[in-house]
Number of protein chains: 4
Amino acid sequence: MDFREIIASHPDVQGSTADRLIACIHECLHCAQACRVCADACAAEPMAYDLRQCIRLDQDCADICLATWSLGARRTGRNAELLHRLIELCAEACRLCAEECERHAGMHEHCRLCAEACRSCEAACRAALPEVH
Amino acid sequence: MDFREIIASHPDVQGSTADRLIACIHECLHCAQACRVCADACAAEPMAYDLRQCIRLDQDCADICLATWSLGARRTGRNAELLHRLIELCAEACRLCAEECERHAGMHEHCRLCAEACRSCEAACRAALPEVH
Amino acid sequence: MDFREIIASHPDVQGSTADRLIACIHECLHCAQACRVCADACAAEPMAYDLRQCIRLDQDCADICLATWSLGARRTGRNAELLHRLIELCAEACRLCAEECERHAGMHEHCRLCAEACRSCEAACRAALPEVH
Amino acid sequence: MDFREIIASHPDVQGSTADRLIACIHECLHCAQACRVCADACAAEPMAYDLRQCIRLDQDCADICLATWSLGARRTGRNAELLHRLIELCAEACRLCAEECERHAGMHEHCRLCAEACRSCEAACRAALPEVH
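Residues numbered from 1 in each chain as written. Chains lettered and ligands numbered in written order. Predicted model: local features only at pLDDT ≥ 70, side-chain atom pairs only at ≥ 80, totals over all residues. Heavy atoms only, no water.

Draft legend 1. A look at the overall build of chain A. A count of helices and strands for chain A gives five helices and zero strands. The order of α-helices and β-strands along chain A, N terminus first, is α-α-α-α-α. The C-alpha atoms of chain A give 16 Å as radius of gyration, which agrees with the globular expectation for 133 residues (14 Å, within 12%). Taking the principal axes of the C-alpha coordinates as reference, chain A spans close to 55 × 25 × 20 Å. The burial tally for chain A puts 65% of its 133 residues in the buried class. Sequence-distant contacts in chain A: of pairs separated by 6 or more residues, those separated by 24 or more amount to 72%. As displayed, chain A offers around 4,500 Å² of accessible surface, 49% of which is attributable to carbon and sulfur atoms. A gap of 5 Å separates the mean positions of the 14 positive and 21 negative side-chain charges of chain A. (Helix = DSSP H or I, 4+ residues; strand = E, 2+ residues; numbered from the N terminus. Rg over C-alpha atoms; globule rule 2.2 N^0.38 Å. Buried < 20%, exposed > 50% of the residue type's maximum accessible area, 1.4 Å probe, protein only. Contact = heavy atoms within 4.5 Å. Areas by Shrake-Rupley, 256 points an atom, 1.4 Å probe, with all protein chains shown as cover. Lys, Arg positive; Asp, Glu negative; His and termini not counted. Charge placed at Lys NZ, Arg CZ, Asp CG, Glu CD.)

Draft legend 2. Molecular detail of the interface of chain D and chain A. Of the residues lining the interface, 36 residues belong to chain D; the matching set on chain A comes to 36 residues. A combined buried area of about 3,000 Å² lies between chain D and chain A, and 68% of that area is made up of carbon and sulfur atoms. Between the two partners, chain D and chain A, sit zero salt bridges. Taken together, the links from chain D to chain A amount to twelve residue pairs in polar contact (both at pLDDT 80 or more). At the level of elements, helix 1 (3-8), helix 2 (19-43), helix 3 (52-73) and helix 5 (109-128) of chain D are the ones that each hand at least two residues to the side of chain D that touches chain A. Element by element, the count of residues in the side of chain D that touches chain A is highest for helix 2 of chain D, at twelve residues. Partitioning the side of chain D that touches chain A into residue classes produces 18 nonpolar, eight polar and ten charged. (Buried area = accessible area lost by both parts, 1.4 Å probe. Salt bridge = Lys/Arg side-chain N within 4 Å of Asp/Glu carboxyl O. Polar contact = N/O pair within 3.5 Å; in protein donor to acceptor, adjacent residues only side chain to side chain. Nonpolar A, V, L, I, M, F, W, Y, C, P; charged D, E, K, R; others polar.)

Draft legend 3. Structural view of the relation of the copies chain D and chain A. By a simple turn and slide, chain D fits onto chain A: the slide is 0.0 Å along the axis, the RMSD is 0.0 Å, and the turn is 180 degrees. Taken together, the rotation and translation relating the two chain copies correspond to the operation of a two-fold axis. A symmetric contact is evident, with 100% of the interface residues of chain D recurring at the interface of chain A. (Least-squares fit on C-alpha atoms with pLDDT ≥ 70 in both.)

Draft legend 4. Seen up close, empty space enclosed by the protein. Overall, the coordinates contain three cavities of 30 Å³ or more when judged by the stated rule. Size it by volume and the largest cavity reaches roughly 930 Å³. If you go around the largest cavity, you meet 45 residues; those closest to its centre are Arg 36 and Asp 63 of chain A together with Arg 36, Asp 63 and Leu 66 of chain C. Mapped by element, the contributors of at least two residues to the lining of the largest cavity are helix 2 (19-43) and helix 3 (52-73) of chain A, helix 3 (52-73) of chain B, helix 2 (19-43) and helix 3 (52-73) of chain C together with helix 3 of chain D. When residues of the lining of the largest cavity are assigned to their parent elements, the largest contribution, nine residues, is made by helix 3 of chain A. A per-class count over the lining of the largest cavity returns 24 nonpolar, eight polar and 13 charged. Empty space within the second largest cavity amounts to approximately 420 Å³. (1 Å grid on protein atoms, 1.4 Å probe; cavity = no way out; pocket = protein on both sides within 12 Å on 5 of 7 lines; lining within 4 Å. Points joined across faces, edges and corners; volume = space filled by probe spheres on them.)

Draft legend 5. Spatial organisation of the pattern of salt bridges. This structure, assessed with the given rule, holds 52 salt bridges over all chains. One salt bridge connects Arg 20 of chain D with Glu 131 of chain D, and the closest N-O pair in it is separated by 3.4 Å. Of this pair, Arg 20 of chain D sits in helix 2 while Glu 131 of chain D sits in the segment after helix 5; the two residues are 111 residues apart in sequence, bridging distant segments of the chain. Salt-bridge contacts for Glu 100 of chain D lead to Arg 103 of chain D; the nearest nitrogen and oxygen are separated by 2.5 Å. Of this pair, Glu 100 of chain D and Arg 103 of chain D both sit in helix 4 (residues 80-103), separated by three residues, roughly a single helical turn. Arg 103 of chain D gets classed as exposed once you look at its relative accessible area, which sits at 61%. Connected through salt bridges with shared partners, the residues Arg 56, Asp 60 and Asp 63 of chain A together with Arg 74 of chain B form a single ionic network.

Draft legend 6. Region of interest: the interface of chain C and chain D. Every contact between the two is made by 25 residues of chain C and, on the other side, 25 residues of chain D. Interface of chain C and chain D: buried area, both sides summed, is about 2,500 Å²; carbon and sulfur atoms make up 55% of it. Across the chain C-chain D interface, the total number found is four salt bridges. Residue Asp 60 of chain D is joined to Arg 74 of chain C by a salt bridge in which the shortest nitrogen-to-oxygen separation is 2.5 Å. Connecting chain C to chain D are twelve residue pairs in polar contact (both at pLDDT 80 or more). No other element matches helix 3 of chain C, which puts eleven residues into the side of chain C that touches chain D. In terms of residue class, the side of chain C that touches chain D is made up of nine nonpolar, six polar and ten charged.

Draft legend 7. Structural context of the state of the cysteines. Counted by the stated rule, this structure contains zero disulfides over all chains. Cysteine Cys 38 of chain A shares no disulfide, and the gap to the nearest cysteine sulfur, in Cys 111 of chain A, comes to 3.8 Å. The exposure class assigned to Cys 38 of chain A is buried, which follows from its relative accessible area of 0%. The thiol of Cys 61 of chain D is unpaired, and the distance to the nearest cysteine sulfur, on Cys 35 of chain D, comes to 3.8 Å. (Disulfide = S-S within 2.5 Å.)

Draft legend 8. Fine view of the packing of aromatic side chains. Applying the stated criterion to the full structure yields zero aromatic pairs over all chains. Between Arg 52 of chain C and the ring centre of Tyr 49 of chain C, over which it is positioned, the NZ or CZ distance is 3.8 Å. (Phe/Tyr/Trp six-rings, centres within 6.5 Å; stacked < 30°, edge-to-face > 60°. Lys NZ or Arg CZ within 6 Å of the ring centre and 35° of its normal.)

Just geometry here; none of it tells us what the structure is for.
Have a look at this one:
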């Protein structure tokens with residue numbers, strides 16, 4: 001999945017592809033997918049009721065990652081201040097979800113993989129912030 | 001559209017429906033619809049190219065409103081701090097979109113109606129904040 | 001929530017608001033909300049694991065309702081054949097979800113209300129079909 | 001982005017990862033991203049008004065790709081008949097969007113790349129159908 005090539009073809013981009021922002025939205029999609037699968041897998045565990053806080057944070061994180069992806073992919077016009085705050089919020093959503101998933105990473109492989117995706121997305125969000133102004 | 005009745009039937013709600021939060025997510029859906037229609041209508045105006053900043057803010061606002069609706073409707077588990085920050089961000093997204101739409105409210109009725117929906121959603125977001133903790 | 005007024009202001013609508021399609025997308029949003037709350041409430045029931053098929057159909061139905069809302073609200077350009085098929089699919093998603101929720105409507109009020117919303121959306125989808133061509 | 005590993009960890013999957021379905025939802029995300037960027041880039045072209053049918057089909061295709069991704073990633077419970085029909089619809093959405101984008105692929109690189117992503121997603125959808133039953 002190469003997002004850079006098509007974003008580079010946007011008429012306003014003119015070489016300023018903002019590669020750390022592109023890496024960030026790529027991680028957001030990956031993380032949203034991991035969180036959705038983890039929530040779905042938790043609901044299929046016999047102990048589903050005990051995993052409800054994990055399901056909640058997974059779904060909240062997926063929603064915020066998808067919103068961040070949506071805004072971060074746009075290059076028409078400007079909305080940098082809002083995007084900056086959303087990316088900060090996304091890093092926080094990822095941190096919270098990672099912490100919850102890490103608690104049962106030893107028992108559920110989907111939680112371990114989801115926590116990994118969240119940590120990676122959190123880092124990509126923080127790395128993109130200086131580029132969004 | 002009565003969201004209150006079904007939220008009241010959630011097993012963890014127990015009478016604490018948080019009515020200002022329900023009003024807020026109701027406004028978020030209304031605002032998302034208005035922003036989506038306004039963006040779509042702007043693209044059909046012969047001066048579409050000159051409305052591109054409006055299209056951008058409409059779409060960003062719609063995405064954040066939908067994320068706020070998604071998180072604000074959940075009552076399983078807890079994620080209050082994140083939700084609080086998202087509602088603040090949503091109020092800001094609505095304010096920015098309203099300001100842009102107000103600039104051409106005299107020329108485009110869809111911009112006038114969208115600005116109205118954004119202002120109403122901004123107010124509902126701010127009113128819900130004390131209830132989310 | 002009055003969708004008709006802003007859709008009527010779209011430059012290409014010119015009086016052809018397609019009111020049954022507007023009623024349909026309004027029901028789609030209502031149904032998406034009901035399905036999301038029902039899925040969330042099911043995950044908070046101590047018997048969550050036994051409600052997993054209900055959670056699955058709720059979430060699938062919500063996703064298709066939201067897609068139908070998105071496409072059905074657009075009036076720029078044309079995509080009538082695709083929209084027609086999506087509305088048919090949405091009616092089917094609502095029927096399947098309603099049937100599942102009706103099975104536990106006596107035990108869970110959120111399932112009873114969700115089934116009601118699904119049946120109402122199914123009917124609105126079928127009523128809109130002749131208008132989409 | 002490796003979706004296979006986390007889907008394989010779902011408790012109900014038990015080795016039946018359905019790899020062509022996984023390839024399909026991977027393409028759906030890629031295509032949704034390409035369609036969103038193409039719509040956004042079209043709105044920034046000075047001839048935006050003349051590209052409105054392209055913007056419309058891009059956005060409709062992105063919405064259906066995202067819904068297909070959402071449903072196709074779930075492995076809890078069953079909803080195979082609905083998913084089958086949605087994947088067929090997604091292939092059709094991709095075909096329609098590709099045909100439109102191909103018309104201005106010579107003039108706009110984002111349309112050329114978007115058409116390519118749509119054709120690839122259309123093929124992945126058709127390849128996944130025999131696996132969804």
